[in-house]
Amino acid sequence: MLAFIIRRLLFTVLIALFAISAVFFIIRMTGDPTYLMVPMDASKTVIENFRHKMGFDKPLFSQYVDYMWNFMHGDLGTSLRYNEPALNLVIEALPATALLTLSAMAMSIVIGVPLGIITGIRSGGLDRVITALVVLAQGVPNFWLGLMMIFVFSVKFHILPTGGMGSIKHLIMPTIVMGFYTSSRITRVTKSSVSEHFQKEYIQTARAKGLRESTVLLKHCLRNALMPVVTLVGLSVGIYMGGVVITETIFSWPGMGRLIVQSIEMRDFPVVIAAVSFIVVMFSFINLMTDIAYAWIDPRIRYD
Amino acid sequence: MFSRIKTSWKLVGVMLSILVILPLSTGSAADRDTLTVGINADMRTPELITTMDQTSDKILLFHIYEPLIARNRQMVAEPWLAETLEPSGEVSWKLTLRKGIKFHNGAELTADDVKYTLEWILNPKNASMRLSRIELLEKIEKTGKYELNLITKKPFPVLPVSLGNISIIPKGMTPKELAKNPIGTGPYRFKEWKKERRIVLTRFDDYWGNAPYFKTLRFLIRPEMGARLSALLAGEVDMIPDVPVEMVPRVNANRETEIRTVPAGRSIGLYFNLRGDPDSVFHDIRMRKAFNYAVNVREITKHILGGFATPTGPLVPMNRHHYPEHSAYPYDPEKAVELIKRAGYKPEELHFTLHSPKGRYLKDFEASQAIGTQLGKIGIKVDVVADEWGHHLELMKKCNKELSIYINGRGERTFEGSMMQHWFKSGMPWTCFSDEEIDQAIDRAMPIVDPDKRERAMMLLEGLIWDKAPWVFLWAQNSIWGVKSDIDWSPWADEIPRLATASRK
């Protein structure tokens, strides 16, 4: 297992270096950031001073070498927009995104797994109603849901704040909007997995042994049936931690998604690279954790 | 097992009940002593010495920091921290400061602070974006505790208004220190900045001028228009800038909110690229005039911009000097066709790509599409392309053949017409126009210090620009704010809100 983890970590470093290089060249090929930073009536002197200070007057490859050298020494550059270390901005945005991700995933699991189990082991009216609701939930665009919730709960009834971050009330609507879609996906995956495993022979054997139905379901069936759910949760956490642009934008949530989009618009490439590096590392870590969780759930899985 | 499921449902029920019984207040625009503004972007840094962007100015200028000279409602320069600023020669000005003004750290404002601030900006090593404003300053001499002489490289008649964009900071403080602990002389002092969330300022009790009504100013960052508007309608904020035209009826329909607007110093034009395209048909003045006659500006300002824009003939309607005989070009498609034919072209053989920003200016892309349609009515084929703003800037910077005609907006920061050199002088950044006669007229008019002579020269210059039609004169857009009805405040033409003048009815 240790060798597997080391291999994965080395692979992560390679991916991060590739991603950083790609982002650097792609974002710089779209134009010189200077012109987005200086006012439109800036004189030639002001423009030249700024380009010199930022090193943009050097050849692009030379800028790349400088950037990578600094990166290797832990300096991810200074934000062109905020004039602050880029990594600090990513670290500042991270708690907001982590909070939203955790609350949305908690909601999704709390709603999605029980509903998936119910519909997986029962067929009939309730199953059909839940399945219809799940299909509906997957079809509802989250920007529409968000705007409708703001209109009803904030503008009409003044129950919840329209956006921003600060209290538990600010968290409710973005959590529901994000969790709405994910919980429906978890419900579907749980349902299909549970119904598949519920028909298998080892479940019949467990029943034949005289075990209680709840024990059969929770200890035998779910342990196997949850594998695809774990994969889905892992992937969703990774995606959410990279920022959910629409939800963060609608609710003015100061997370990673908004930071990345604004930085791309401003060609603030040190921040974009810092964020991308973080996302690459985090995705790899989550994938690693997911693989370890597989081994924990299913002891037959070995990585050696 | 199903008993467990029932328990889960109970749990869900309890959670839903908690949602319902949450306190009804939603952090609405706080108490009467707090003014909350829903603003569309965060500031870059809490200092106004290095950077220069409109949002940071909106949040900080006249709140935390103050300039030597300020503009009044009519955009005429008036002394602010300065008591007087008068020319004492062709290239020298005598500046006297008001006495008894205190910084937020308790220190008194003296000539040392002014000298330090101006010299810091003038130092090229500091790469200050404010340098453009005072580039012609050569030397700052302290002549007394409150007096200075400002020596310029050449005559600099718009020095007073140019100083309106320079905030005075305490001697010895660096922008880095100011970014952590902003200190100015303004009516509010810095309290809190949660990046991308909010900025909070509190009243400065030792302020030298009239004490502001509101004890606290809160700026909530709401980049998305829908979110900003919802916050206003829900009563969470007292005012929001840049309300889109189509949302105006919704704001006015709400009992507690209304629209307040003012013509702003930002002119939108349809530009021709002459510099980068030697074969452009627009080197012929008749073609440029033809386009001016072919675009029905009044129809666009009325129906697309909802009346929140003024057709331009004068470059900036709020400017002090205008060539009196020139108003907007009339809509005359027949004359346009005739001019095109006289220039040796057939309208149906002309084909252009119109580059337009999208969302940068009031209904910019929709208006560009209307312009394309109007030009199409006389047979000219126009493809309208929406550019991402960074790409649009890049095209304007390069001025190469890829760019033929394009929409752009330029802000007038002096309201004295001095921006004409940035807009039309050959070789200026973002200027794809070039005309020797205009260049000479600009060089003649800009250095004149005598007010009467300057006014005459500026009017002649504006007249020449009108006649040469370097762009299709379109409109000057309004600044549109959504404001709660109980707030006594109206917007300013330079788009700096000056919220110390606001109060609650």
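Use the structure listed above.
Predicted model only: the values in this text are computed from it and were never measured.

About the criteria used
Here, residues in each chain are numbered from 1, in the same order as that chain's written sequence. All chains are assigned letters beginning at A, and all ligands numbers beginning at 1, according to the order in which they are written. In keeping with the model being predicted, local features are shown solely for residues with a pLDDT of at least 70 and side-chain atom pairs are shown and tallied solely at 80 or more, while totals for entire chains, interfaces and linings include all residues. Derived side-chain values reflect all non-hydrogen atoms in the structure, with water molecules and hydrogen atoms excluded from consideration. For helices the rule is a DSSP run of H or I covering at least 4 residues; for strands it is a run of E covering at least 2, with both sets numbered from the N terminus onward. We call two residues in contact whenever any of their non-hydrogen atoms come within 4.5 Å of each other. Only the protein chains shown count as cover for residues, and the accessible areas themselves come from Shrake-Rupley with a 1.4 Å probe. Note on charges: Lys and Arg go in the positive column, Asp and Glu in the negative column, and His and the chain ends are not counted at all. The atom standing in for a charge is NZ when the residue is Lys, CZ when it is Arg, CG when it is Asp and CD when it is Glu. DSSP bridges decide pairing: two strands pair if at least two such bridges lie between them. To define axes, lines are fitted to C-alpha atoms, for helices over the stretch in contact only, and angles between the resulting N-to-C directions are given on a 0 to 180 degree scale. Classification of ring pairs rests on two measures: the distance between centres of Phe, Tyr or Trp rings, Trp counted by its six-membered ring, which must be within 6.5 Å, and the angle between planes, read as stacked under 30 degrees, edge-to-face over 60 and tilted in between. Only protein chains enter the accessibility calculation, which uses a 1.4 Å probe; a residue is then buried when its area is under 20% of its type maximum, exposed when over 50%, and partly exposed in between. Whether a charge lies above a ring is judged from NZ of Lys or CZ of Arg, which has to be within 6 Å of the ring centre and within 35 degrees of the ring normal. When describing relative orientation, an angle under 35 degrees is termed roughly parallel and one over 145 degrees roughly antiparallel, while 65 to 115 degrees is termed roughly perpendicular and anything else oblique. By convention, the crossing between two helices is left-handed when the near helix turns anticlockwise from the far helix through less than a right angle, and right-handed when the turn is clockwise. For this classification, Asp, Glu, Lys and Arg are treated as charged, while Ala, Val, Leu, Ile, Met, Phe, Trp, Tyr, Cys and Pro are nonpolar and the rest, including Gly, are polar. Only residues whose relative accessible area exceeds 30% and that form no salt bridge are eligible for patches; like-charged ones are grouped when within 9 Å, while nonpolar side chains (Val, Leu, Ile, Met, Phe, Trp, Tyr) are grouped when within 5 Å. Salt bridge, as applied in this entry: a Lys or Arg side-chain nitrogen positioned within 4 Å of an Asp or Glu carboxyl oxygen.

**Student:** Would you explain the overall build of chain A in this entry?
**Tutor:** For chain A, the helix and strand inventory stands at 14 helices and 0 strands. Ordered by position from N to C terminus, the α and β elements of chain A give α-α-α-α-α-α-α-α-α-α-α-α-α-α. Its C-alpha atoms put chain A at 85 × 60 × 30 Å along the principal axes. For chain A, the proportion of contacts with a sequence separation of at least 24, taken over those separated by at least 6, is 72%. Per element, the accessible surface of chain A, about 14200 Å² overall, is 70% carbon and sulfur. Charge separation in chain A, taken as the distance between the mean sites of 25 positive and 18 negative side-chain charges, equals 12 Å.

**Student:** What should I look at first to understand the sheet that holds strand β6 (residues 137–142) of chain B in this one?
**Tutor:** Strand pairing in a sheet relies on backbone hydrogen bonds, with the paired strands running either antiparallel or parallel. Residues and elements named next belong to chain B. The 4 strands lie next to each other as β4-β5-β7-β6, forming an open sheet whose pairing is antiparallel. Sheet topology places β4 (82–89) and β6 at the edges, where each strand pairs with a single neighbour. In this sheet, neighbouring strand axes are inclined to one another by 20 degrees on average, regardless of whether the strands run parallel or antiparallel.

**Student:** Any chance you could explain the packing of aromatic side chains here in plain terms?
**Tutor:** Where two aromatic rings form a pair, the distance of their centres and the angle of their planes describe that pair. This model, assessed by the stated rule, comprises 32 aromatic pairs over all chains. For the pair Y67 of chain A and F71 of chain A, a centre-to-centre distance of 6.2 Å together with 35 degrees between the ring planes defines the contact as tilted. One end of the pair is Y67 of chain A and the other is F71 of chain A, both in helix α4 (residues 60–72) and 4 residues apart, which spans about a single turn. Neither residue differs from the other here; Y67 of chain A and F71 of chain A are each classed as buried. Feature note: the residues Y271, Y293, Y329, Y406, W423, F424, F433, W466, W471 and F473 of chain B constitute an aromatic cluster, connected by ring pairs. One cation-aromatic arrangement involves R207 of chain A over F198 of chain A; the distance from NZ or CZ to the ring centre is 4.7 Å.

**Student:** How should the packing of helix α15 (residues 436–445) of chain B against helix α16 (residues 451–468) of chain B be read in this particular structure?
**Tutor:** Two measures define how a pair of helices packs: the angle their axes make with one another and the distance between the axes. Residues and elements named next belong to chain B. As a packed pair, α15 and α16 sit with axes 9 Å apart at the nearest point and diverge in direction by 165 degrees. It follows from the interaxial angle that α15 and α16 lie roughly antiparallel. Relative to α16, the crossing made by α15 is left-handed. Contacts between α15 and α16 involve E437, I438, A441, I442 and A445 on the former and, on the latter, R454, A457, M458, L461, L464, I465 and K468. The class makeup of the residues in the contact of α15 with α16 is 9 nonpolar, no polar and 3 charged.

**Student:** Would you mind going over the environment of A445 of chain B with me for this structure?
**Tutor:** Residue and element names in this part refer to chain B. Mapped onto the elements, A445 comes out in helix α15. Once the C-alpha coordinates of A445 and N72 are considered, the two residues, 373 residues apart in sequence, prove to be 24 Å apart. Every residue in contact with A445, bar those within four places of it in the chain, is listed here: R454, A457, M458 and L461.

**Student:** So what exactly am I meant to see when it comes to a nonpolar patch on the surface here?
**Tutor:** Residue and element names in this part refer to chain A. Where nonpolar side chains cluster on the molecular surface, the patch consists of F143, W144, L147, M148, V245, I246 and V261 and spans about 570 Å² of accessible area. Within the residue set of the nonpolar patch, elements represented by two or more residues are α7 (142–156) and α12 (245–250). Per element, the largest residue contribution to the nonpolar patch is 4 residues, and it comes from α7. Position of W144 among the secondary structure elements: in helix α7.

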